[in-house]
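# Results of the structural survey
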Amino acid sequence: MKNLIERAHVARAAALDALSKVIDEKALEDFYVSFLAKKGSIPGLMALMKEAEDKAAFGAAVNKARTEVVAAYESKKAALAEKALNLRLAREKIDITLPGEPTPLGHVNPYRLIIDEVTDIFLEMGYEVCEGRDVETDKFNFELLNVPKDHPSRDMQDTFYFGDDYLLRTQTSAAQAHKMSEMEEKKPIRMIAPGKAYRRDDDDMTHSHQFAQIEGLVVDKDISIAHLKATLELFAKKMFGQKREIRLRSSYFPFTEPSVEVDVSCFNCGGKGCPMCKGTGWIEILGAGMVNPRVLEACGYDPEVYSGFAFGVGVERVAMLRYGIDDIRRFYQNDFRFLKDYPVK
Amino acid sequence: MNISYNWLKKHVDLEGLTPEEVASRLTFSGAEVEGISYLAKGANLVIGEILECEPHPDSDHLHVLKVDEGKYGVEQIVCGAPNARKGLKVIVARVGAKLPEVEIKASRIRGVDSNGMCCSLLELGVDGKFLSDYQKAGIEELPADAPVGEEDVLGYLGLDDVVLELSLLPNRPDLYALNNVAKEVGCLFQRKVTLDEIQDYPLQKSSFTVGSNAEGCPLFTARVIKGVVTKPSPRWLSEVLTASGIRSINNIVDIGNFVMLLTGQPLNMYDADKLPEPSLIVRDDLEGDFKAMDGQTYPLRKGDLVVTSGGRGMCLAGVMTADECKVDENTKNIVVEAAYFYGAPIRHTSNRIGLSSDSSLRFCKGINPHQAEYVQRVTTALLKLLAEAGEVEETVVYDTMAHERKVINTNLAYINGRLGTSFPIDTVVATLRRDNFEVEADGEDLTVTVPSFRIDVDGKADLTEEVIRILGYEHVPSVLPNVELSLTGLTPRQTAERELRRHLLHLGLDEVVTYTLQSKAESTAFDYLDHGELYVLSNPMTVEREVVRPHLAHSLLSVASYNANRQNKSGAFFEVSDIDTKGCSSRHLGIVLYGDKPARVGNKGKAYDFYDIKGIVTSIFESLGLNENRYRLESWNKGGDEMHPYQTAMIYCGKKLLGYFGTLHPLALKKYDLKSAVLLELDLEELLSIKVSPIKASVPPKFPSVTRDLALLVPTTVTYEALRRELLRADPLIVKVEAFDLYTGEGVGEGYVSLAVSLTLLSKDKTLSEAEVNLAVKKALDAAAVKLGARMRQ
């Protein structure tokens with residue numbers, strides 16, 4: 001009897017010894033066949049049961065041997081699998097610095113970027129967007145805006161004409177005249193008009209025969225310069241940063257009275273003075289004013305009842321200041337090496 | 001307009017103010033000072049006398065000078081000026097002097113010590129246009145009586161002036177007159193203004209006559225002044241003119257210019273003895289040649305304002321006097337003209353013949369028409385003072401203008417309402433009075449009389465501007481407007497366009513902006529979405545930019561070309577822009593893809609082709625909610641050398657041509673210097689106006705679908721679309737047909753392609769059996785064979 005139990009111990013020891021020498025999955029399979037499969041040495045012990053006197057004791061010894069060997073086998077199997085997996089992963093190493101699958105992202109001409117950004121600011125303030133056309137009539141570009149024929153301020157804007165009455169608009173203010181005169185009921189207006197404008201300028205670093213403006217117009221009862229100031233302050237802070245301030249300087253435009261130039265505190269130096277603001281701490285960003293009563297009247301609004309303010313932002317100028325663009329012609333060249341800095345958001 | 005600060009100082013109390021402060025205040029109140037320039041600059045200067053002048057031992061042009069500098073003693077200076085000589089009084093910049101360009105240091109020049117520098121006026125920063133060639137070539141030669149040792153050299157020379165350069169806007173033509181600038185500065189700083197008293201002289205009866213037959217001249221005055229003597233102007237006069245950028249000529253010419261500077265009224269002077277008859281009549285109906293005092297002959301046209309005498313042109317009004325009656329050094333008796341000409345005819349004449357002057361500029365901007373008599377008196381006084389004028393005749397006048405002062409009624413509420421301020425009535429009244437307006441206040445109602453020189457002010461809105469520009473915009477509070485709530489934001493059309501742009505940007509296309517104007521030739525090519533006759537400029541700057549483009553194709557291909565020539569080997573980009581022709585106004589979308597598509601490392605680059613742009617087109621339509629039944633493609637039938645005739649498609653919606661896309665014609669590629677490119681041009685206005693049906697939800701099928709792949713040999717004359725339709729029509733169980741492979745070459749007969757398609761079969765009532773699927777596929781194959789001549793590939 002003792003001998004039989006001894007044989008179970010020996011078989012167990014032999015199996016564990018053999019398992020300890022297994023180094024790969026092939027050897028592990030061979031081990032399984034020799035020791036744990038139906039005909040393997042450990043299950044084979046059960047054949048001796050009939051010879052055992054104390055069957056219970058022998059059975060327990062065999063079971064113990066099998067449990068131990070199976071556990072050792074399973075742990076060996078897991079260890080080998082892990083090793084094999086690690087080996088495979090190591091073989092799968094790639095160069096993560098190579099470029100990814102080209103998934104191109106478009107780039108926006110900064111000119112459009114500024115138009116969209118300004119548009120969004122005023123949309124949030126409840127303005128509508130009226131665009132107008134490039135080809136305008138003398139009436140909407142000049143006459144209704146208090147610039148009659150032979151008015152000295154026509155000198156300020158050399159105009160591209162098609163015959164006598166049609167022209168390329170010299171300012172997006174033409175959209176003001178359209179909006180006001182085309183309102184069937186003369187109701188309050190809050191609008192911006194982004195668009196192109198044209199002047200007979202030779203193209204150079206700071207001049208372009210084509211450029212973009214964003215016109216703004218508010219018409220209501222009791223509108224004052226104080227409203228204009230607060231609106232433009234809000235705009236300046238959104239556009240150029242919360243710490244920005246604005247100041248107004250007296251100026252002249254035929255379609256507004258009074259007229260002002262609006263400066264924003266320099267967003268480069270914060271107002272201390274730097275080359276960007278030419279040491280003044282302020283940068284001129286737009287022209288504005290109270291809608292000239294004659295313009296209101298010409299467009300069908302009673303200037304005794306309604307008043308309004310208007311402003312015009314030069315798109316390229318803002319983009320040039322904001323991004324440090326050196327030459328206005330860059331906007332129209334569309335060199336991809338220039339556009340690459342402005343990916344779509 | 002250039003203002004002499006010295007002149008200004010004489011007439012306005014500027015005690016305690018710097019030119020910079022005055023400039024800043026003017027700028028903020030509407031008269032921008034563009035520049036402040038010092039006529040000359042230099043410290044540590046002294047007037048010296050050359051005691052000795054010996055040649056430099058080691059140079060053929062340098063001199064070694066001994067210069068007496070008064071209390072500073074005698075210094076040795078090496079000087080290269082050819083006019084250095086013994087006894088000459090000179091300007092010496094002493095060691096340590098800072099001149100605009102250099103700082104003077106003690107030095108050794110070729111072995112000889114030199115302590116200081118003898119200067120020319122150029123070296124002190126004086127503009128060369130005021131100097132003679134002789135002055136520019138050497139050192140300045142001071143008069144023999146110049147005080148040696150004097151240290152205020154700039155003061156002695158009258159070069160201690162500062163010039164304020166006013167950049168005037170069209171609403172302030174009054175500031176083209178020094179008198180009015182003085183009033184403006186006085187008003188802004190609340191300082192006393194003292195203008196010169198004008199002495200009156202006894203006047204003789206005049207037999208001279210004036211008149212006007214031209215609408216452009218409603219006012220004409222003239223005075224005959226006898227016995228004038230031409231000579232150089234006194235220093236004070238030439239200095240004021242110099243500061244204003246006008247060169248001093250002689251006393252008569254200078255007086256004319258000075259009176260204009262002072263009053264803003266251009267003058268003209270005629271030699272009275274050379275006029276054909278003692279009269280001046282303005283006409284605008286003269287034609288023929290006009291010989292001007294510059295020696296040139298100009299053609300006259302109807303509409304030119306001409307001052308005539310005896311029927312002949314004596315002056316092209318406001319522009320230039322005739323040669324035959326000009327004032328010269330022999331002139332004894334003159335006629336002084338002070339007239340009012342409207343800006344428009346003067347501008348037309350001046351632009352046409354290409355001549356402009358300080359006078360024409362002032363007429364174009366608009367002058368004060370209410371001061372002709374005053375101007376005549378000023379001129380007379382100066383001619384008496386500086387030109388020994390004798391007998392003066394009374395002013396003869398032709399005048400059809402109204403001279404009543406403008407009166408504006410307004411009230412405090414209007415002014416404060418417009419400004420958003422709460423100024424008390426006293427402040428408003430005081431401010432307007434400061435500004436030379438006469439104000440009567442009745443409670444809060446104001447009756448305001450406008451000063452005659454403020455021709456720009458004519459309504460109550462103008463008065464609010466006066467108040468705030470003088471008090472300063474810093475007094476305006478910041479208050480957001482109260483608005484009624486309403487639904488605002490972008491219109492559906494605007495939203496659709498914005499989303500389309502974003503869609504394209506996220507597909508990887510760049511958004512570009514290009515010029516509207518292009519040449520005629522560039523516009524006739526690619527003009528396939530024919531909208532109508534082109535807008536052609538009457539006054540183009542060049543033929544390259546002469547018409548408003550009727551399409552985007554040329555602009556975008558130029559962008560491709562520009563980039564391809566700058567090592568940007570490929571690109572994908574679009575533009576959305578208005579298109580204007582006489583036929584219609586629209587908005588287009590243009591796309592160009594050129595060069596190779598971006599490829600992963602290790603994969604070979606493939607050029608963008610027709611199917612790349614088609615993929616984008618399909619995605620555009622889908623994103624707009626337009627499925628493929630809403631539009632159709634047709635083969636290109638427009639010919640031309642721009643698009644590949646067999647790789648271009650036209651997009652139709654019903655009968656309407658929305659646009660086209662395809663491969664560029666090889667000839668067009670050559671023209672734009674591109675290797676490969678595809679193009680799309682789409683009428684966005686048409687596209688975005690197509691009605692989109694509302695979405696109806698689909699229910700995902702309950703039963704599984706079955707797919708069967710077929711390889712078919714299809715005649716090349718049969719399109720994929722025709723095959724697809726035929727297969728779909730063959731059996732209702734076939735719900736989808738998709739191509740997945742295309743092959744030509746070995747094993748495929750001439751005139752055939754091998755097209756592999758995948759059929760999806762589905763029933764909404766049950767799971768399909770093998771037999772049902774086989775039957776449907778057989779029906780499909782039969783239909784393809786019978787109708788299209790396609791067969792299974794073995």
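Everything numeric here is computed off the predicted structure, so don't read it as measured data.

### Quick look at the packing of helix H2 (residues 25-36) of chain A against helix H4 (residues 55-91) of chain A
To describe two helices that pack against each other, one gives the angle between their axes and the distance between the axes. Residue and element names in this part refer to chain A. At a closest axis distance of 10 Å, the pairing of H2 and H4 adopts a crossing angle of 165 degrees. Here H2 lies roughly antiparallel to H4, going by the angle between them. For the element pair H2 and H4, the recorded crossing hand is left-handed. Within the contact between the two elements, H2 uses Glu25, Leu28, Phe31, Tyr32 and Leu36 and H4 uses Val69, Val70, Tyr73, Lys76, Lys77, Leu80, Ala81 and Ala84. Tallied by class, residues from the contact of H2 with H4 come to ten nonpolar, no polar and three charged.

### Concerning the pairing of strand S34 (residues 706-715) of chain B
Residues and elements named next belong to chain B. Pairing of S34 with strand S36 (residues 752-761) involves ten bridges; the strand directions are antiparallel. When the sheet's bridge partners are listed, Leu710 is paired in S36 with Val757. In terms of strand pairing, S34 meets strand S37 (residues 791-792) through two bridges, oriented antiparallel. If you follow Leu712 over to S37, its bridge partner there is Met792.

### Side note on the interface of chain B and chain A
Residue-level contacts link 90 residues of chain B with 86 residues of chain A. When chain B packs against chain A, close to 7,300 Å² is buried across both sides, 53% of that on carbon and sulfur atoms. If you look at where chain B meets chain A, you find ten salt bridges. For Asp580 of chain B, the salt bridge goes to Arg133 of chain A, with nearest N and O atoms at 3.1 Å. Linking chain B with chain A are 41 residue pairs in polar contact (both at pLDDT 80 or more), by the criterion used here. Ranked by the residues each element gives to the side of chain B that touches chain A, the list is headed by strand S28 (residues 571-580) of chain B, at eight residues.

### Re the domain arrangement of chain B
Partitioning chain B into domains gives domain 1 (2-39 + 162-189), domain 2 (45-157), domain 3 (209-399), domain 4 (407-475), domain 5 (492-687) and domain 6 (706-792). Centre-to-centre separation of domain 4 of chain B and domain 6 of chain B, based on C-alpha positions: 87 Å.

### What to know about the pairing of strand S24 (residues 445-449) of chain B
Residue and element names in this part refer to chain B. One ladder, built from five bridges, connects strand S22 (residues 407-411) with S24; its direction is antiparallel. Looking at S24, one finds that Thr410 is bridged to Leu446. Bridge count for strand S23 (residues 438-442) against S24 is five bridges, and the pairing is antiparallel. Opposite Asp442, over in S24, you have Asp445 as the bridge partner. Hairpin remark: S23 followed by S24, antiparallel, with two residues in the connecting loop; positive phi at Gly443, about 65 degrees.

### As for the sheet that holds strand S2 (residues 32-38) of chain B
All names here are of chain B. Read across the sheet, three strands follow the order S1-S10-S2 without closing on themselves; strand pairing throughout is antiparallel. Edge strands, defined here as strands with exactly one partner in the open sheet, are strand S1 (2-4) and S2. Ignoring which end each strand starts from, the neighbouring axes of this sheet average 25 degrees apart. Two elements, S1 and strand S10 (residues 162-167), share three bridges in a ladder whose sense is antiparallel.

### Examining the pattern of salt bridges
Where charged atoms from two side chains of opposite charge come close, those side chains can pair. Tallying each qualifying case throughout the model produces 77 salt bridges over all chains. The closest approach of N and O atoms between Lys26 of chain A and Asp30 of chain A, which form a salt bridge, is 3.0 Å. You can see Lys26 of chain A and its partner Asp30 of chain A sitting in helix H2, four residues apart, about one turn around the helix. Residue Asp30 of chain A is classed as partly exposed on the basis of its relative accessible area of 39%. Two residues, Arg223 of chain B and Glu373 of chain B, come together in a salt bridge whose shortest N-O distance is 3.2 Å.

### Brief notes about the environment of Gly602 of chain B
Residues and elements named next belong to chain B. Counting through the fold element by element, Gly602 comes out in the loop between strand S29 (585-594) and helix H17 (610-623). The exposure class assigned to Gly602 is exposed, which follows from its relative accessible area of 77%. Distance from Gly602 to Gly749, taken between C-alpha atoms, is 34 Å for residues 147 residues apart in sequence.

### Some details on the nonpolar core
All names here are of chain B. Leu589 and Ile591 are the most contacted members of the largest nonpolar core, which has 139 residues in total. If sequence neighbours within four positions are ignored, Ile591 has contacts with Leu504, Leu509, Leu556, Phe573, Phe574, Ile613, Ile616, Ile620, Val678, Leu679 and Leu680. Of all hydrophobic cores here, the second largest spans 52 residues; its members include Leu178, Met269, Leu386 and Val392.

The rules behind each value
Residues numbered from 1 in each chain as written. Chains lettered and ligands numbered in written order. Predicted model: local features only at pLDDT ≥ 70, side-chain atom pairs only at ≥ 80, totals over all residues. Heavy atoms only, no water. Axes fitted to C-alpha atoms, helices over the stretch in contact; angles between N-to-C directions. Helix = DSSP H or I, 4+ residues; strand = E, 2+ residues; numbered from the N terminus. Parallel < 35°, antiparallel > 145°, perpendicular 65-115°, else oblique. Left-handed = near helix turned anticlockwise from the far one by under 90°. Contact = heavy atoms within 4.5 Å. Nonpolar A, V, L, I, M, F, W, Y, C, P; charged D, E, K, R; others polar. Pairing = 2+ DSSP bridges. Buried area = accessible area lost by both parts, 1.4 Å probe. Salt bridge = Lys/Arg side-chain N within 4 Å of Asp/Glu carboxyl O. Polar contact = N/O pair within 3.5 Å; in protein donor to acceptor, adjacent residues only side chain to side chain. Domains from an automatic or database assignment. Buried < 20%, exposed > 50% of the residue type's maximum accessible area, 1.4 Å probe, protein only. Core = buried A, V, L, I, M, F, W, Y, C linked by side-chain atoms within 4.5 Å.

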